[in-house]
Amino acid sequence: MEKERIGVYICHCGSNIAGTVDVAEVSRWAGEALKDRGVVVSRDYKFMCSSLGQELIQKDIKEQGLTRVVVAACSPHLHEQTFRNACKEGGLNPYLCELVSIREQCSWIHPDKAVGTEKAKAIVSGGVEKVIWDEPLEPLRVPINPVTLVVGGGIAGIQAALEVANAGYPVIMVEREPSIGGHMAQFDKTFPTLDCSACILTPRMVEVGSHPNVKLFSYAEVANVSGYVGNFQVTIKQKARSVNTDLCTGCGICQEKCPKKVIDPVFEAGLGYRKAVYTPFPQAVPKYPVIDRENCTYFLKGTCKACEKFCPTGAIDFNQEDEYFTFDVGQIILATGWDLFDARRIPQYGYGRLANVFTSLEFERLSNAAGPTGGKIVLRDGVTVPKSVAIIHCVGSRDKNYNPYCSAICCMQSLKFAHLVHERTGAEVYNFYIDMRTPAKGYEEFYQRLLEEGTHFIRGKVAEITDAARIDGCSEFGIWWRIVMPLSKPALAAVTIFAFQGGWDNFLAPLVYMAGRPELRPLSVGLYLLRGGAGQLPDTHYMMALSTLMIIPMLLLFALGQRYFIQGVTLSGLKG
Amino acid sequence: MKYSYFPGCSLERNASAYHVSAMAIAEPLGMEFVEVEDWNCCGATEYVSLNLTASYALIARNLAQAAKETSTKQLVAPCSACYLNLKKCDAYMEESPSLEEKINLALAAGGLSYKGGTLKVRHLLDVVVNDVGYDAIAAKVTRPLKGLRVAPYYGCMIVRPKLGENGTFDNPEYPTTLDKLLKVLGATVIDFPLKAHCCGGHMTQISESTGFELIRRLIKGATDYKADLIVTLCPMCQLNLDAFQGAMNSHFNTNYHMPVLYFTQMIGLAFGMDAASLGIGTELVDARDALSKIGVEVPEAELVVKKPPKEALPMPSLPEEK
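Note that the coordinates shown come from a computational prediction; the quantities given were computed from them, not determined experimentally.

Along chain A, the regular secondary structure elements total 17 helices and 18 strands. For 576 residues, the compact-globule estimate of 2.2 N^0.38 gives 25 Å, and the C-alpha radius of gyration of chain A, at 39 Å, exceeds that figure by more than 25%. Its C-alpha atoms give chain A principal-axis dimensions of roughly 145 × 60 × 40 Å. Across chain A, contacts joining residues at least 24 apart in sequence account for 68% of those joining residues at least 6 apart.

Turning our attention to the domain arrangement of chain B. Residues and elements named next belong to chain B. By domain assignment, chain B separates into domain 1 (2–123) and domain 2 (142–292). Contact residues are listed per partner, giving 23 residues for domain 1 and 25 residues for domain 2. Contributing elements (two or more residues each) for the side of domain 1 that touches domain 2: α1 (8–12), α2 (16–26) and α5 (80–95). The element best represented in the side of domain 1 that touches domain 2 is α2, accounting for eight residues. Looking at the side of domain 1 that touches domain 2 residue by residue, the classes come out as 14 nonpolar, seven polar and two charged.

Once that is clear, we can look at the sheet that holds strand β18 (residues 456–459) of chain A. Adjacent strands of a sheet pair through backbone hydrogen bonds, lying either parallel or antiparallel. Residues and elements named next belong to chain A. An order of β16-β17-β18 is seen for the three strands of this open sheet, with the pairing classed as parallel. Edge positions in the sheet fall to β16 (388–392) and β18, since each of these pairs with one other strand and no more. On average, each strand axis in the sheet is tilted by 20° relative to the strand beside it, whichever way the strands run. Two elements, β16 and strand β17 (residues 428–433), share five bridges in a ladder whose sense is parallel. Note on β17: the bridge partner recorded for Ala390 is Tyr430. The strands touched by helix α12 (residues 410–425) are β16 and β17; relative to β17, the strand with the most contacts, the crossing angle is about 170°.

Reading the values: the criteria
Residues numbered from 1 in each chain as written. Chains lettered and ligands numbered in written order. Predicted model: local features only at pLDDT ≥ 70, side-chain atom pairs only at ≥ 80, totals over all residues. Helix = DSSP H or I, 4+ residues; strand = E, 2+ residues; numbered from the N terminus. Rg over C-alpha atoms; globule rule 2.2 N^0.38 Å. Contact = placed C-beta atoms within 7 Å. Domains from an automatic or database assignment. Nonpolar A, V, L, I, M, F, W, Y, C, P; charged D, E, K, R; others polar. Pairing = 2+ DSSP bridges. Axes fitted to C-alpha atoms, helices over the stretch in contact; angles between N-to-C directions.

Here it is, written out as structure tokens:
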């Protein structure tokens, strides 16, 4: 084999490399020790990537007749293209130029200059050995499949699909749930503008559902991916909906008639119910429901078929089976989204143990006007409006026991929650945070707004949550005022109304005690006197007037106290 | 299973009931304890803060003595402080060769040596719930603790700090092993929010009011949850809550009465053992009322009045009070 003429170029990268590698020594060594491998020129230069550095290489290619070039500088990720282009312009096939990294893999990780220099020599030597075997290549263009697969139908997947589809390329979207929309569909408000979440999301959902370039698979999963960049084969598993989508009109009668109600762990975050045949929410795209076979009475016991009976188009198909579709796609966008941190992993926070500890997703459903409480923020008993609410930031984040990183979302989400609680319940809101991180457009302003609204911000990491107000911090009076009193309001109201009525209408007692003091007699006795004595005609018109007068305080009291009074009746006497 | 057993100073004296009951349940649970020969004090919580290396050498001497026992590599300590010290010393010696070297220099003076990681240091509770297991315990229960409301109290030294990946046998923030154990024994276990809080340690000696406040919170917490008694696994916790309960009551002018027993005593009771044989009756806050709920009779402690020996010198007479 004819000997190659190799040029070796060592970059200082300012002090990035020169700080821990003796570049002049490496250059000298390469020129001498690698001479028999074909190195004919070896240089070091302050910034090889500068145009002067590139010109240096090009000049050598021309003047020294170099057939191979080795540049020892940064990672090929940064400048491989730069040097290949330089070689190309210098008249050398660009693939005969090797960039070896003596920065990321050498100077940055070695504090010792002697060791760094030795390693740099080894790396350069390796580069020279490789470049000898390099062959000139010609780039070619190959067609790639223009179809894009988007995995996940949340807002990220929807946006990605629309961008691609609107650019004129076909898209296949796969969503695990019966409807696209993802987590955003569960929210009521977005931060920091407090926009209506559904109003932003649903138009895009509809667009995806009806876009001619988008083929949508909901209630489906990607079963297999094979192939390589630009040419993938994907297998999509369409789970059996048990509903024939060609016939279904999405009228919703099946959901209405289905007798089986189950807790919805996905869309309602376990806080609400759905039927065994369901669409997660009214604006679902596609509009076709699915039958949850794990809970459907027909699939469990073999009888029921209420949905089939009532379906006007006969779209229910209990015998449907999972189907598999295979497509060729050129690229895949993964938009599989996020999942909630399991708060049960931090048992001292009591989630799952203490009734009124909620996760953020549960709170989103609580605050959503279409949620299980119709947007009323209440305790888990479903009726009591909280008097004070604590919001804990960073649960499971920034903690090496769980996730060491910052979720980058919970500060703003907590602020949003604080605002919603404040606005809808008037409760005192306490935010427990480690650091407030609000670095985006409008975020800091939102934080300021919350401060002005009177939300309390307490800095520190929450150690534990207990249901024991008595043990710390709350005085006996505090417990009575903040816990006992609010809970016994209905009972107190009922007692007050009855006691007042008894006292107001009392006839006998004042008659006995005030016998000798006619001027002190109350209205009840006065009313009796208007009845007239023996042989006297009753003053009916006065009686009527006084009776009306007497009723007014009673009515007033009832008007003021009836809210609690009725609450007392519903709390004690009625179920649910 | 066979274990090396490190009783520690407390179990010789104030916590003798813990030792007695641990020994009493060892046989039915199939545990065999071999006491470490010629063991010494573990240095408790104080010595570590005074002289680190010397204190670790003191602890390591126990490890070296225990390692002499060849039939088992498991070292059990019933006292939380001893357990933590032994475990920490073992873990740090394994982690840091320089500490190991220094300590071995000291140990060499007594002809001993120890290599970090040789022994597996375990707490008695860990052994009972994980080696013996809940099912085996449930099978032995003859007198379930039905109707007894207990507050499980772990204290702070048993599950913290988390040493290494598998450093603790329970959750460091919200432990539940003792809860499960007591449920298996048939007791009603309250969700005690202060279960892993500090009992005050030696604060009663250093700053009384601080110590008393820490004790008050625990006793009040258990009382508010209507517990009949607190069950613990640490002699320090038991001492603080039991022996200082009276002093705490007079400090705050309160009138709490909350007996504090060891989990080994509860196991013994559930196994139908005699209260006296478990050391019950030696606690200062009377547990008789609480235990009568499960039909356990505790004999009244006999007041032993020693007659002075013949050689005794006469006492000076005091002026009679009027």
